[in-house]
Amino acid sequence: MASGLGMALFSSAVFGLSGSFAKALLETGWTPGAAVTARLTGAALILAVPTIAALRGRWHQLRDNWLTVVLFGFIGVAACQLFYFNAVSRLSVGVALLLEYLAPVLIVLWLWAASRKRPRPLTIAGTLLSLAGLVLVLDLTGAVKIDLIGVLWGIAAAVCLAIYFFITAKENDTLPPIVLASGGLMVGAVVMWLTAATGLLPMAFSTADTRLGPWITPWWVALAGLVVLATVVAYVSGIVAARALGSKVASFVSLTEVLFAVIWAWLLLGELPGPIQLLGGLLIVGGVVLVRLDELRAPSGARTAALDHANDCEPVP
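Everything quoted here is computed from the prediction, not taken from an experiment.

K.L.:
For the overall build of the protein, give the residues involved together with the corresponding values.
P.N.:
Along its length, the protein carries 14 helices and 2 strands. For the protein, the residues scored as buried account for 54% of the 317 residues in total. Excluding contacts between residues fewer than 6 apart, the proportion of contacts in the protein whose partners are at least 24 apart in sequence is 87%.

K.L.:
Give a detailed account of the side chain of Glu257, specifying residues and quantitative values.
P.N.:
By secondary structure assignment, the location of Glu257 is in helix α13 (residues 257–269). Buried within the structure, Glu257 lacks any salt-bridge partner; Arg39 is the closest side chain of opposite charge, at an N-O distance of 7.3 Å. Only 2.9 Å separates the side chain of Glu257 from the side chain of Tyr101, close enough to count as a polar contact.

K.L.:
Just give me the short version of the packing of helix α7 (residues 103–115) against helix α9 (residues 148–167), but keep the residues and values in it.
P.N.:
Taken N-terminus to C-terminus, the directions of α7 and α9 make an angle of 65°; their axes are 8 Å apart at the nearest point. For the pair α7 and α9, the sense of crossing is right-handed. Touching Ala103, Leu106, Ile107, Trp110 and Leu111 of α7 are Ala158, Val159, Leu161, Ala162, Phe165 and Phe166, all from α9. When the residues that make up the contact of α7 with α9 are grouped by side-chain class, the tally is 11 nonpolar, no polar and no charged.

K.L.:
Which residues make up the pattern of salt bridges, and what are the values?
P.N.:
Evaluated as defined, the whole model comprises 2 salt bridges. A salt bridge links Lys23 to Glu271; its shortest N-O distance comes to 2.6 Å. Of this pair, Lys23 sits in helix α2 (residues 18–26) while Glu271 sits in the loop between α13 and α14 (275–297), and the two are 248 residues apart along the sequence. Taken individually, Lys23 and Glu271 each receive the classification buried, so the pair is uniform in this respect. Where Arg90 meets Asp147, a salt bridge forms, and the shortest distance between an N and an O atom there is 3.1 Å. One end of the pair, Arg90, is in the loop between α5 (66–88) and α6 (93–100); the other, Asp147, is in the loop between α8 (121–138) and α9, with 57 residues separating them in the sequence. Residue Asp147 is classed as partly exposed on the basis of its relative accessible area of 25%.

K.L.:
So what about the environment of Ile146? Which residues, and what values?
P.N.:
Turning to its location among the elements, Ile146 is positioned in the loop between α8 and α9. Setting aside its immediate chain neighbours within four residues, Ile146 contacts Leu91, Val137, Leu138, Val151 and Gln277.

K.L.:
So what about the side chain of Gln81? Which residues, and what values?
P.N.:
With respect to the helices and strands, Gln81 occurs in helix α5. At 3.0 Å, the side chain of Gln81 forms a polar contact with the side chain of Arg39.

K.L.:
Could you give an account of the packing of aromatic side chains, naming the residues involved and the relevant values?
P.N.:
Taken as a whole, this structure holds 5 aromatic pairs when the rule is applied. Look at Trp30 and Trp219: their rings are 6.2 Å apart centre to centre, the planes differ by 35°, and that puts the pair in the tilted class. On the criterion of sequence distance, the pair formed by Trp30 in the loop between α2 and α3 (32–55) and Trp219 in helix α11 (residues 219–245) is long-range, its members being 189 residues apart. Looking at Trp30, the relative accessible area reads 5%, which means it is buried. Owing to a relative accessible area of 27%, Trp219 belongs among the partly exposed residues under this scheme. Ring geometry for Phe83 and Trp153: centres 5.4 Å apart, planes at 35°, overall tilted. With Phe83 in helix α5 and Trp153 in helix α9, this pair connects stretches of sequence that are 70 residues apart. Three or more aromatic residues joined by ring pairs form one cluster here, namely Trp30, Phe205 and Trp219.

K.L.:
Which residues make up a nonpolar patch on the surface, and what are the values?
P.N.:
Among the surface-exposed residues, Leu259, Ile263, Trp266, Leu267, Leu272 and Leu278 lie close enough to one another that they form a single nonpolar patch of about 570 Å² accessible area. Top element by residues in the nonpolar patch is α13. It accounts for 4 residues. By secondary structure assignment, the location of Leu278 is in helix α14. Judged by relative accessible area, Leu278 falls into the partly exposed class, the value being 34%.

K.L.:
Give a detailed account of the packing of α5 against α9, specifying residues and quantitative values.
P.N.:
One way to put it is that α5 packs onto α9 with a least axis distance of 8 Å and a crossing angle of 160°. With respect to their mutual orientation, α5 and α9 come out roughly antiparallel. Seen along the crossing, α5 lies across α9 with a hand that is left-handed. For the pair α5 and α9, contact is made by Leu71, Phe72, Ile75, Gly76, Ala79, Cys80, Phe83, Tyr84, Asn86 and Ala87 and by Gly150, Trp153, Gly154, Ala156, Ala157, Cys160, Leu161, Ile163, Tyr164 and Ile167, respectively. Of the residues in the contact of α5 with α9, the class split is 16 nonpolar, 4 polar and no charged.

Cut-off values and rules
- Residues numbered from 1 in each chain as written.
- Predicted model: local features only at pLDDT ≥ 70, side-chain atom pairs only at ≥ 80, totals over all residues.
- Heavy atoms only, no water.
- Helix = DSSP H or I, 4+ residues; strand = E, 2+ residues; numbered from the N terminus.
- Buried < 20%, exposed > 50% of the residue type's maximum accessible area, 1.4 Å probe, protein only.
- Contact = heavy atoms within 4.5 Å.
- Lys, Arg positive; Asp, Glu negative; His and termini not counted.
- Salt bridge = Lys/Arg side-chain N within 4 Å of Asp/Glu carboxyl O.
- Polar contact = N/O pair within 3.5 Å; in protein donor to acceptor, adjacent residues only side chain to side chain.
- Axes fitted to C-alpha atoms, helices over the stretch in contact; angles between N-to-C directions.
- Left-handed = near helix turned anticlockwise from the far one by under 90°.
- Nonpolar A, V, L, I, M, F, W, Y, C, P; charged D, E, K, R; others polar.
- Phe/Tyr/Trp six-rings, centres within 6.5 Å; stacked < 30°, edge-to-face > 60°.
- Patch = residues over 30% accessible without salt bridge, like charges linked within 9 Å, V, L, I, M, F, W, Y side chains within 5 Å.
- Areas by Shrake-Rupley, 256 points an atom, 1.4 Å probe, with all protein chains shown as cover.
- Parallel < 35°, antiparallel > 145°, perpendicular 65-115°, else oblique.

This is the structure:
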């Protein structure tokens, strides 16, 4: 348990680097689409070798689960990342990630409206707490200027994350997690390249130096960090943590990614949300924690369907 917890925290820490590395590239002229495409392509190529080894003699597993892989790649990887990076290009990393982490609250609200069945009190309390936190994060008093387009991109990322949870909520033990991760990354990369080829997605790269904290580094340093640390290492360590702790507990610990993302953005980009936004962030995370706790405490057979299984392989933020 202790080693699994440490691995889960490590996974959250490296996942939290994605926004900072991406923003360092965006500030030199990269478009969000280019950053996402480079990230997915590089990570898919690196993970191809262990994926082929995992599937040797069992290629039917990929064929039997092709729809899950395609939906994971299109929605949970490509769309979710593109929307998040678009949000990062207009908002601070912390605020963008907090908006994306409203996904569990969106699921609760949708199920409430669709089933007309009131959630349990703890889930209601968590939802209200997160919504109150959203108001503070947006800082509607005007003390901190918030880009409306950036907010919409962040909410779109949350919607993609919620849809992904609906799609993959069913327990699936026939597909190794690393195969789902690698397959999703490959599908996401193909989708991004095809979209760029049609002219629908602006693609611009830059070889200008990037700034990370007090250092001026070549562009490939930020890109390597985005691909290797924030994607490949994050995914592999997340899978190890999920197997050690169980997917539910591991996904619960992954909420610390918000904290790590804010710390990394402060250290590497000099970004720090205002006091009101930090308070709102605490409320959002606290609300999501309550929703997760209610899920873990629910008696067998009574859990909310969409949140019944937190996958071993979650979307890359």
